[in-house]
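Examination of the molecular architecture
In case you want the letters, here they are:
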Amino acid sequence: MDEDCSDRDRLFNNIYTISNVTYALTALLLGVFIDKFGFIPARIISGCLITAGFILMVFTKDTPSLIYAAWPLMAAGGVSNHIVNAKMALAIPTIKLSVLQGISFFLGRYRIL
């Protein structure tokens, strides 16, 4: 039962690297975007990135190379969504504690990794 998984490992290592670079660049650029345009456009873009990643994942069985675009899109959308949620909680002090508790509950309870 010794399978050679080096090709698959290399594929996932490459995708992981690309996703982390995308994740970091999105986090860097999102701060400037939120300052110029606000939370609503950032949240819309975040939703579009995650949706596009999920849609591409549907077609990866027929076209495996789409996974190179799907995972970075989901990573960028996920970090955007997380940053916008945290910034919105800080922008509205009256509900800051409630929002932060809700975010930490869902991130702690439904941890994917």
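Further up the page is the structure itself.
In this report, we go over the structure that sits alongside the text. All values derive from a computational prediction rather than experimental measurement.

**Looking at the overall build of the protein chain**
Each helix and strand counted, the protein chain has four helices and zero strands in total. Moving toward the C terminus, one meets the helices and strands of the protein chain in the order α-α-α-α. Across the 113 residues in the protein chain, those meeting the buried criterion constitute 19%. Put simply, of all contacts in the protein chain between residues at least 6 apart along the chain, 61% involve residues at least 24 apart. On the protein chain, roughly 8,200 Å² of surface is accessible, and the fraction owed to carbon and sulfur atoms is 67%.

**Examining a nonpolar patch on the surface**
Taken together, the side chains of Val21, Leu25, Leu28 and Leu29 make up a nonpolar region of the molecular surface, amounting to roughly 410 Å² of accessible area. Mapped onto the elements, Leu29 comes out in helix α1 (residues 6-37). Judged by relative accessible area, which is 56%, Leu29 ranks as exposed.

Reading guide: rules and limits
- Residues numbered from 1 in each chain as written.
- Predicted model: local features only at pLDDT ≥ 70, side-chain atom pairs only at ≥ 80, totals over all residues.
- Heavy atoms only, no water.
- Helix = DSSP H or I, 4+ residues; strand = E, 2+ residues; numbered from the N terminus.
- Buried < 20%, exposed > 50% of the residue type's maximum accessible area, 1.4 Å probe, protein only.
- Contact = heavy atoms within 4.5 Å.
- Areas by Shrake-Rupley, 256 points an atom, 1.4 Å probe, with all protein chains shown as cover.
- Patch = residues over 30% accessible without salt bridge, like charges linked within 9 Å, V, L, I, M, F, W, Y side chains within 5 Å.
- Salt bridge = Lys/Arg side-chain N within 4 Å of Asp/Glu carboxyl O.

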